[in-house]
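A closer look at the structure
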Amino acid sequence: MTAHDPTPETWRAVDRYFADTLVGPDPDLEAAVEAQRAAGMPDIEVAPVNGKLLHLLARMSGARRVLEIGTLGGYSTIWLARAVPEDGRVVTIEAEPDNAAVARASIDRAGVGGRVDIRIGRGEHVLPTLAGEEPFDLVFIDADKESNALYLDWAARLGRVGTVVVVDNVGRGGAVADAGTTSSQVIGTRKGLALLGEDPRFEATALQTLDAKGWDGVAIALVVRPGEA
Ligand code: DHB
Ligand code: MG
């Protein structure tokens with residue numbers, strides 16, 4: 001029935017084909033990845049097809065205000081900033097000041113610097129300072145996995161009914177299905193998913209992904225009841 005078994009060679013070829021066909025070359029994004037690598041940051045930015053998914057979700061939802069938790073080198077930030085209108089905003093939280101400086105330069109080089117506000121600090125400290133601002137229309141969670149449940153709680157508080165929430169890395173090479181895991185990252189990922197399944201403020205699903213970053217997954221949620229700010 002299938003032309004190929006899903007080996008790493010075949011699924012990588014499919015991802016390359018999708019990326020070549022639907023995303024294409026992008027000098028500003030490639031420069032952002034290069035700067036990130038040159039600065040010694042890990043190669044853990046989202047895959048091109050995933051960056052474009054974020055971009056399209058932001059446009060599909062008409063997002064004007066986007067919150068990103070975990071800037072790293074600014075790769076996904078650029079995808080998101082391109083999706084909001086000129087007078088829109090991406091607030092992105094980065095714990096490492098050195099990462100934030102590299103991201104700032106890449107975001108500015110990409111021509112979207114006027115729409116991006118980098119807040120330096122750990123999510124748990126920065127998120128409470130955002131309460132009282134206009135609600136965010138889309139929240140992308142891609143930072144320390146141990147804090148995913150905390151970040152989801154803040155996403156509901158800082159969002160509104162209709163806010164789209166995306167969580168990166170929910171597959172973790174299959175480790176997420178291991179209830180007995182001792183990995184703090186996987187435990188944190190599972191706590192976040194449990195919250196999405198149980199918390200009445202959210203309706204959510206998750207999809208496995210096989211892309212340039214390997215076997216992982218993305219959770220997509222909708223805020224369906226107001227959170228307390
Ligand atoms: C890790 C974090 C990420 O956000 C990611 O996309 C891949 C890996 C990590 O911490 O290992
Ligand atoms: Mg990630």
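Residues numbered from 1 in each chain as written. Chains lettered and ligands numbered in written order. Predicted model: local features only at pLDDT ≥ 70, side-chain atom pairs only at ≥ 80, totals over all residues. Heavy atoms only, no water.

**Notes on the packing of helix α7 (residues 148-158) against helix α8 (residues 184-198)**
α8 packs onto α7 with a crossing angle of 35 degrees between their chain directions and a minimal axis gap of 7 Å. Residues N148, A149 and L152 of α7 pack against G188, T189, K191, G192, L195 and L196 of α8. Of the residues in the contact of α7 with α8, the class split is 4 nonpolar, 4 polar and 1 charged. (Axes fitted to C-alpha atoms, helices over the stretch in contact; angles between N-to-C directions. Helix = DSSP H or I, 4+ residues; strand = E, 2+ residues; numbered from the N terminus. Contact = heavy atoms within 4.5 Å. Nonpolar A, V, L, I, M, F, W, Y, C, P; charged D, E, K, R; others polar.)

**Structural notes on the pairing of strand β4 (residues 138-141)**
Consecutive residues of a regular strand have side chains that alternate between opposite faces of the sheet. Both faces of β4 are covered, namely the face carrying L138 and F140 and the face carrying V139 and I141. In the sheet, strand β1 (residues 65-69) pairs with β4 via 4 bridges, with the strands oriented parallel. Within β4, the position partnered with I69 by the bridge is I141. In this structure, β4 lies alongside strand β5 (residues 164-168), joined through 4 bridges in parallel fashion. Bridge pairing in β5 links L138 to V164. Regarding topology, α7 serves as the crossover connection from β4 to the parallel β5, and that connection is right-handed. (Buried < 20%, exposed > 50% of the residue type's maximum accessible area, 1.4 Å probe, protein only. Pairing = 2+ DSSP bridges. Right-handed = clockwise from strand over helix to strand, strands pointing away.)

**Comments concerning the site of ligand 1**
Residues in contact with ligand 1, as listed here, are I44, D142, K145, D168, N169, R172 and Q185. Measuring from an oxygen atom of ligand 1, one finds a side-chain N or O atom of D168 at 3.1 Å. Among the residues making up the shell around ligand 1, the classes are represented as 1 nonpolar, 2 polar and 4 charged. (Near = heavy atom within 4 Å. Polar contact = N/O pair within 3.5 Å; in protein donor to acceptor, adjacent residues only side chain to side chain.)

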